[in-house]
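Listed here are the chains, written in short residue letters.
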Amino acid sequence: MNTQINRLPVPTWNRTGVNWLDKKALPPDREYSQGDHLPYDGVLPHGISLMDRIPEEIAAIPSGMGEWMDEFILSRADKTCYLLAEGPAGEPVIITQTLDLTHPVIRAHYAINAKPGSNITVIQINRGDAKDGVLGSLTQIDAQENSVVRLISVQLLGRNSQSFDSVGARIGKGARVELVRAVLGGKTAACGSLAHLEGQGGGYQQDTAYFTDKEQIYDFNDIARHAGRETESEMHTAGVLAGSSSKILRGTIDFKAGCAHSVGHENETVLLLSPSARNRTVPLILCGEEAVEGQHAASLGQFDEKHLYYLCSRGLSLMEAKRMLVEARFMPVLHKITPDDLRMEILNVIERRLDEHETDS
Amino acid sequence: MKDFKQEKTRVDQADRTIYDVKDRLDPAFLTDSGITAEIVNQISKEKNEPEWMRLFRLKSLNTYKEIPLPSWGPSLDELNMDQIVTYVRPKSTMKAKWSDVPDDIKQTFERLGIPKAEQKSLAGVGAQYDSEVVYHNVRAEVASKGVVYTDIESALTGPYSEMIRKHFMKLVPPSDHKFAALHGAVWSGGSFVYVPAGVTVDIPLQSYFRLNAPGAGQFEHTLIIVEEGAYLHFIEGCSAPRYYVANLHAGCVELYVGKNARLRYSTIENWSKNMYNLNTKRASVEEGGTVEWISGSFGSHISYLYPMSILKGKKARMEFTGITFAGEGQNLDTGAKVLHAAPDTTSHISTKSISRDGGNSTFRSLVTVTENAKGSKSAVSCESLMLDSISRSDTIPVMDISCNQADIGHEAKIGRISESAIFYLMSRGLSEDDARALIVGGFAEPIAKELPLEYAVEMNNLIHLEMKGSIG
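Here the structure is a predicted model, which means the values were calculated and not measured.

Visitor: Give me the lowdown on the overall build of chain B, citing residues and values where you can.
Guide: If you tally the helices and strands in chain B, you get 11 helices and 26 strands. Here chain B holds 472 residues, and the buried ones make up 62% of them. By sequence separation, contacts in chain B at least 24 residues apart represent 84% of the contacts at least 6 residues apart. For chain B, the exposed surface amounts to about 17200 Å²; the carbon and sulfur share of it is 49%.

Visitor: Quick rundown of helix α3 (residues 103-111) of chain B? Include the residues and the values.
Guide: Because the α-helix completes a turn every 3.6 residues, residues three or four places apart line up on one side. Residues and elements named next belong to chain B. Listing the buried residues of α3 in full gives I105, K106, T108 and F109. Summarising the axial view, the buried residues of α3 lie within an arc of 155 degrees, below the 170-degree limit, and thus occupy one face. The secondary structure elements touched by the buried residues of α3 are α4 (114-121), β4 (124-129), β5 (132-138) and β8 (205-210). Positive backbone phi, approximately 85 degrees, marks G113, located one or two places after α3.

Visitor: Kindly report on the interface of chain A and chain B, identifying the contributing residues and their values.
Guide: Taken together, the contacts link 40 residues of chain A with 43 residues of chain B. Here chain A and chain B share an interface that buries about 3400 Å² over both sides, 50% of which is from carbon and sulfur atoms. Inspection of the region where chain A meets chain B yields 18 residue pairs in polar contact (both at pLDDT 80 or more). Looking at the side of chain A that touches chain B, the elements with two or more residues in it are β17 (278-287) and β18 (292-301) of chain A. Split by residue class, the side of chain A that touches chain B holds 20 nonpolar, 14 polar and 6 charged.

Visitor: Any details on the pairing of strand β9 (residues 161-171) of chain A? Residues and values, ideally.
Guide: Residue and element names in this part refer to chain A. Within β9, 11 of the 11 residues are buried, which leaves the element mostly enclosed by the surrounding structure. Side-chain alternation along β9 places S161, S163, D165, V167, A169 and I171 on one buried face and Q162, F164, S166, G168 and R170 on a second face that is also buried. Bridge count for strand β7 (residues 133-143) against β9 is 11 bridges, and the pairing is parallel. Counterpart to T139 in the pairing with β9 is V167. Pairing between β9 and strand β11 (residues 188-197): 10 bridges, direction parallel. Residue A169 lies in a different strand from β11, and its bridge partner there is A195.

Visitor: Explain the packing of aromatic side chains to me, using residue names and the numbers behind them.
Guide: Residues and elements named next belong to chain B. Considering all chains together, one arrives at 22 aromatic pairs over all chains under this definition. Between F29 and Y87 the ring centres are 6.0 Å apart and the planes differ by 50 degrees, which places this aromatic pair in the tilted class. Placement of F29 in strand β2 (residues 29-30) and of Y87 in the loop between α2 (51-66) and β3 (88-89) is noted, with a sequence separation of 58 residues between them. Given the relative accessible area of 0%, Y87 is considered buried. A ring pair is formed by F56 and F168, whose centres lie 5.6 Å apart and whose planes are at 70 degrees; its orientation type is edge-to-face. Remark: F168 occurs in the loop between α7 (161-167) and α8 (178-186) and F56 occurs in helix α2; sequence separation between them is 112 residues. Residue F56 shares its accessibility class with F168, and that shared class is buried.

Visitor: Please set out the nonpolar core residue by residue, giving values where relevant.
Guide: Counting residues in hydrophobic clusters, the biggest one holds 97 residues, and the most contacted among them are I141 and Y204 of chain A together with V195, I224, L232 and L255 of chain B. Counting residues per element, this core draws most heavily on strand β5 (residues 105-114) of chain A, which supplies 5 residues. Not counting the four nearest positions on each side in its chain, I224 of chain B is found in contact with V193, L232, F234, E254, L255, Y256, L263 and Y265 of chain B. Core analysis: the second largest hydrophobic core is formed by 37 residues, M81, I84, I302 and I396 of chain B among them.

Visitor: Please provide a residue-by-residue account of the UniProt feature "domain: SUF system FeS cluster assembly SufBD core" (unreviewed entry) in chain A, values included.
Guide: The sites that carry the UniProt feature "domain: SUF system FeS cluster assembly SufBD core" (unreviewed entry) are, in the present numbering, residues 107-328 of chain A. Across residues 107-328 of chain A one finds 9% helix and 62% strand; the C-alpha atoms that close the span lie 34 Å apart.

Visitor: A description of the packing of α2 of chain B against α8 of chain B should follow, citing residues and the corresponding values.
Guide: Residues and elements named next belong to chain B. In contact at an axis separation of 7 Å, α2 and α8 are set at 150 degrees when each is read in the N-to-C sense. With respect to α8, the element α2 is oriented roughly antiparallel. By crossing handedness, the relation of α2 to α8 is classed as left-handed. When α2 is examined against α8, the residues F56, R57, S60, L61, T63, Y64 and K65 are found in contact with a partner set consisting of K178, A181, L182, G184, A185 and V186.

Visitor: Describe the environment of Q206 of chain A, with residues and values.
Guide: Residues and elements named next belong to chain A. Its place among the elements puts Q206 in strand β12 (residues 203-212). In this structure, the C-alpha to C-alpha distance between Q206 and S147, residues 59 residues apart in sequence, is 16 Å. The contacts of Q206, once residues within four sequence positions are left out, are L179, R181, S193, D222, E234, M235 and H236. Of note is the side chain of Q206, whose polar atom sits 2.9 Å from the side chain of S193.

Visitor: I'd like a rundown of the confidence of the model for chain B, residues and numbers included.
Guide: Any residue range with low pLDDT should be treated as having predicted coordinates unsuitable for detailed reading. Residues and elements named next belong to chain B. With 90% of its residues at a pLDDT of 70 or more, chain B has an overall mean of 86. Note on residues 1-9: pLDDT is under 50 here. Beyond four places in sequence and across chains, it has 24 contacts. The model gives residues 463-472 a pLDDT under 50, and that stretch makes 42 contacts with residues more than four places away or in other chains. This prediction of the complex comes with two scores: 0.91 for pTM and 0.94 for ipTM.

Visitor: Explain the pattern of salt bridges to me, using residue names and the numbers behind them.
Guide: Residues and elements named next belong to chain B. Within the structure shown, the criterion is met by 37 salt bridges over all chains. Taking the shortest distance from any N to any O, the salt bridge between K281 and E236 comes out at 2.8 Å. Of this pair, K281 sits in strand β15 (residues 275-285) while E236 sits in strand β11 (residues 231-239), and the two are 45 residues apart along the sequence. Given a relative accessible area of 3%, K281 falls into the buried group. For E236, a relative accessible area of 5% puts it in the buried group.

Parameters and conventions
- Residue numbers restart at each chain and count upward from 1, following the sequence in its written direction.
- Working convention: letters from A go to chains and numbers from 1 go to ligands, in the order in which they are written.
- pLDDT decides what is reported in this predicted model: residues at 70 or higher carry local features, side-chain atom pairs at 80 or more are listed and counted, and totals for whole chains, interfaces and linings draw on all residues regardless.
- Water and hydrogen atoms were dropped before computing side-chain values, which therefore reflect all heavy atoms in the structure.
- Helix and strand definitions here come from DSSP, where helices need a minimum of 4 consecutive H or I residues and strands a minimum of 2 consecutive E residues; each element is numbered from the N-terminal end.
- Exposure categories follow from relative accessible area, calculated using a 1.4 Å probe and restricted to protein chains: below 20% of the type maximum is buried, above 50% is exposed, and the middle band is partly exposed.
- Note on definitions: a residue-residue contact is assigned when non-hydrogen atoms from the two residues lie within 4.5 Å.
- Where accessible areas are quoted, they stem from the Shrake-Rupley method and a 1.4 Å probe; at the residue level, only the protein chains shown are allowed to cover.
- The arc in question is the one spanned by the directions pointing from the helix axis to the C-beta atoms.
- We define buried area as the total accessible area lost by two parts upon association, computed with a 1.4 Å probe and summed across both.
- Two N or O atoms count as a polar contact when they lie within 3.5 Å, although within protein this holds only if one can serve as hydrogen donor and the other as acceptor, and sequence-adjacent residues are included solely when both atoms are side-chain atoms.
- Gly is placed with the polar residues, together with every amino acid not listed as nonpolar (Ala, Val, Leu, Ile, Met, Phe, Trp, Tyr, Cys and Pro) or charged (Asp, Glu, Lys and Arg).
- Between any two strands, pairing holds if DSSP finds at least two bridges.
- Stacked, edge-to-face and tilted are the three classes for Phe, Tyr and Trp ring pairs, Trp counted by its six-membered ring, which pair at centre distances within 6.5 Å; planes under 30 degrees apart are stacked, over 60 edge-to-face, the rest tilted.
- Take the buried residues of types Ala, Val, Leu, Ile, Met, Phe, Trp, Tyr and Cys, join any two whose side-chain atoms come within 4.5 Å, and each joined set is a nonpolar core.
- UniProt positions are given in the numbering used here, feature names are shortened, and annotations may be inferred rather than shown by experiment.
- To get an axis, a line is fitted to the C-alpha atoms, and for a helix only the part in contact is used. The angle between two axes follows their N-to-C directions and goes from 0 to 180 degrees.
- For classification purposes, an angle smaller than 35 degrees is called roughly parallel, one larger than 145 roughly antiparallel, one from 65 to 115 roughly perpendicular, and anything else oblique.
- Handedness of a crossing follows from how the near helix is turned relative to the far one, being left-handed for an anticlockwise turn of less than a right angle and right-handed for a clockwise one.
- As a per-residue quantity, pLDDT reports the predictor's confidence and falls between 0 and 100.
- A pairing counts as a salt bridge when a side-chain nitrogen of Lys or Arg comes within 4 Å of a carboxyl oxygen of Asp or Glu.

Below, the structure written as structure tokens:
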């Protein structure tokens, strides 16, 4: 089995170190089982029910981190939540996983089986911390014809833990999947997503915000694979790097032969706050179809001095101006995160990080 | 609005008649095929080289054997080095007048327009046929300024020998990759150019490389040193007739651009479609210096080509403009690399590609900004046009940024002509066909406009666009 996780769909120069996630970041090899499998036992909104087991066709949906991570989670998942959506939107399903002393390792397996015409929102919140803590999750989504699936993933782990979050989605005819991610915690955080736009007219929207500092290492691998005609994808990432952190983002728009009249857009903006942070960005467009439109853009840099000057001239302190610009950068993503108290919690984390960065500088 | 699906843009295959003429194979000497220490020693002996170069070649051979093939990029599985003849010496020594060049070789270059271009608009020409330079000349008024333009092998033993030794394969060491090591072992031919401080060479120098022998390799080495405040435009062109066996080109170009100097390096690559083009080009740019790469890739079966610039001095600059046409049977992996290693450096990479008839075009780039490159700026732009669904176009850029006081931007797009652009032009009175022609012509124009067309003899032959209806 290929143990490369977050593998770039088409490799490039090996010296760049971006072809896959370094093995050193993989979870340490140790016994993870913590006892009996615990299915989700929270409240479910109207129109949503639990499945006893995950259908085979959904279990086979590949995810963005690759087969090794899929197997790592599937082989002994101790937390599961297999949701079946058959009706229109109700309240969101909120699933919280918390690492602590008694639960330093969690392997969570989620599935969302969205039947035709259904509508479901799932909010995953990962919190807590533990020495050598690991929280790995795999979410497999089958968005059938004209269904809408929204997945909001918020990671707020402490600095002693590692986070591995992999998503795979199969998007049917006219269906739509939206993935919103806020990644703020962990000493190492790896995220991967693979959206397979199989059915005609399917859509995929992904919005990610991240903030790294100190010695955090973040690694992303997001793929929108267009196979069906007239499919659309939008992937937007906004990030801030401070301290001695480092980050790799691989974003791929992959147009397969047969996906005529499809459109894919991807962009990333990165703000580097400190001289010792390191950013690597790898935005790919792979195209085997003639009649498509694909675009990607990336901009990486510093605070715009003119913007800072303008805000300070209006009476804000330099710190307030910087905070405003950072929040503005994240707002397009944060606006999509519910509930409000969760969004405020994320904003507070960002503000605290900025304050710590200013203090450390 | 009209349904644009039915009519497609046609980009005709270039007329290769003049390039595909095969001269009778009648070399003075050629090595066995394959690569061994005996062959390397043989090449060195044929050239009567200094001992340090022979030892350098043998060390490179060992390095070549140790390094594996790249694990990325187009497959090289069908390239069998055991069948490549690395050295073919034509029946001609180097001449300074075309009238002294043997007729068959002279006619080949006349057909390609080289002597005519030299008369009309070049300051000097070097012409390489298979493994050796057969013609080299530089205008007296250029030489009188102290400009040196000679074949590199003569320079190895002449007054510039120390300069050559100091610079040879230091920018591209044999350890860089497998085909750099191969080059170090079997290199032959190529040019050395030296432009003294403050000298402007108003009209370009050109080297042209012609590979005639089937199953052979060409491994020319170009070394250019442009001293402080000087200017040079250097053009290289290449072609080969098409055979049914593989040919290999693993040349090496090393450019040293001094303080406040400027060097423009233009290439029209038109190798035949059996050629493996595994070329390495690198420039080092000092404070205030500028390197401009103009690159047109039209030929080869498989290409690996990524000119790299090292911006080592404050305010050094790099501009890269490239166009790639990948047609039937071609897998062209091209792009550029730049390393910002000093403050206030700037780079701009702009490329276009067209894929058709099953061609495969890959744009690959690397922008690296080190922590001390404060105030640096880089912009990368890549546009791709695919004309059918049996072709491929991939874009694989990497940005590696370790400086928080730099501004880096990248954009890429692939697709069809914007309908709103057509509408705009039609609203200004153009017919739909004229509007499309204008837009597609504009797509290829940036490279064409950068080249002095009267010098780049092949450019007019290679870019020929015929517009009908929409672009799919």
